[in-house]
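Read off the chains here:
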Amino acid sequence: GGGASGTRHDGRAADAWSLRRMAQGMVELLLREGADVNEKGAAGWTALLAAASAGKEGAVRVLLAGGARADEAAEDGKTPLMQVRERGRAAFSC
């Protein structure tokens, strides 16, 4: 558990930013409720990094519009843009 500020068991992002399953609408709701778009999980991943890695194009767009920092890199040095480029546009879903 833990709401928008709790961390997942793998530490990749806050509980509320479970972006591997999250739809764009949920991201919008979390932002309206005041979730910190740049909060890092235990492994240093932001919601934007997680969304880019998971191929969630709609969530990426909403997070960027909500002020997510596109220059935040994961521990491996990869930024969200690098994640997107690695996946290729065809890998993205809304």
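Residues numbered from 1 in each chain as written. Predicted model: local features only at pLDDT ≥ 70, side-chain atom pairs only at ≥ 80, totals over all residues. Heavy atoms only, no water.

1. A short note on the packing of helix α2 (residues 47-54) against helix α3 (residues 57-65)
Okay, step 1: Contact geometry for α2 and α3: axes closest at 8 Å, N-to-C directions at 155°. Compared by their axis directions, α2 and α3 come out roughly antiparallel. Here α2 runs over α3; the crossing is left-handed. The segment α2 lies against α3, with A47, L48, A51 and A52 engaging A59, V60, L63 and L64.
Okay, step 2: Grouping the constituent residues of the contact of α2 with α3 by class yields 8 nonpolar, no polar and no charged. (Axes fitted to C-alpha atoms, helices over the stretch in contact; angles between N-to-C directions. Helix = DSSP H or I, 4+ residues; strand = E, 2+ residues; numbered from the N terminus. Parallel < 35°, antiparallel > 145°, perpendicular 65-115°, else oblique. Left-handed = near helix turned anticlockwise from the far one by under 90°. Contact = heavy atoms within 4.5 Å. Nonpolar A, V, L, I, M, F, W, Y, C, P; charged D, E, K, R; others polar.)

2. Here's the deal with the environment of A74
Okay, step 1: Here A74 lies in the loop between α3 and α4 (80-87).
Okay, step 2: Linking A74 and K40, residues 34 residues apart in sequence, is a C-alpha distance of 9.6 Å.
Okay, step 3: With residues near it in sequence (within four places) discarded, A74 still touches W45 and L49.

3. Here we look at the confidence of the model for the protein chain
Okay, step 1: Of the residues in the protein chain, 69% reach a pLDDT of 70 or more, and the chain-wide mean stands at 74.
Okay, step 2: When the elements of the protein chain are averaged for pLDDT, α4 gives the smallest value, 82, and α3 the largest, 89.
Okay, step 3: Low pLDDT, under 50, characterises residues 1-16; the stretch is placed with 38 contacts to residues that sit more than four places away or in other chains. (pLDDT = per-residue confidence, 0-100.)

4. Describing α3
Okay, step 1: Turning to α3, its buried residues are E57, G58, A59, V60, V62 and L63.
Okay, step 2: Contacts made by the buried residues of α3 are with α1 (24-32) and α2.
Okay, step 3: Looking one or two residues beyond α3, the residue adopting positive phi is G67, at roughly 100°. (Buried < 20%, exposed > 50% of the residue type's maximum accessible area, 1.4 Å probe, protein only.)

5. Some points on the pattern of salt bridges
Okay, step 1: Overall, the coordinates contain 5 salt bridges when judged by the stated rule.
Okay, step 2: Residues E72 and K40 are paired through a salt bridge, measuring 2.9 Å at the closest nitrogen-oxygen approach. Here the residue E72 occupies a position in the loop between α3 and α4, and K40 occupies one in the loop between α1 and α2, the gap between them amounting to 32 residues.
Okay, step 3: On the basis of relative accessible area, E72 is assigned to the buried category, the value being 15%.
Okay, step 4: The partner of E86 in a salt bridge is K78, and the shortest N-O contact between them spans 2.9 Å.
Okay, step 5: Overlapping salt bridges, with partners in common, bring together K40, R69, D71 and E72 in one network. (Salt bridge = Lys/Arg side-chain N within 4 Å of Asp/Glu carboxyl O.)

6. What to know about the packing of α2 against α4
Okay, step 1: Here α2 crosses α4 at 5°, and the two axes come no closer than 8 Å. The angle between α2 and α4 places the two elements in the roughly parallel class. On α4, the residues that touch L48, L49, A52, S53 and A54 of α2 are P80, Q83, V84 and R87.

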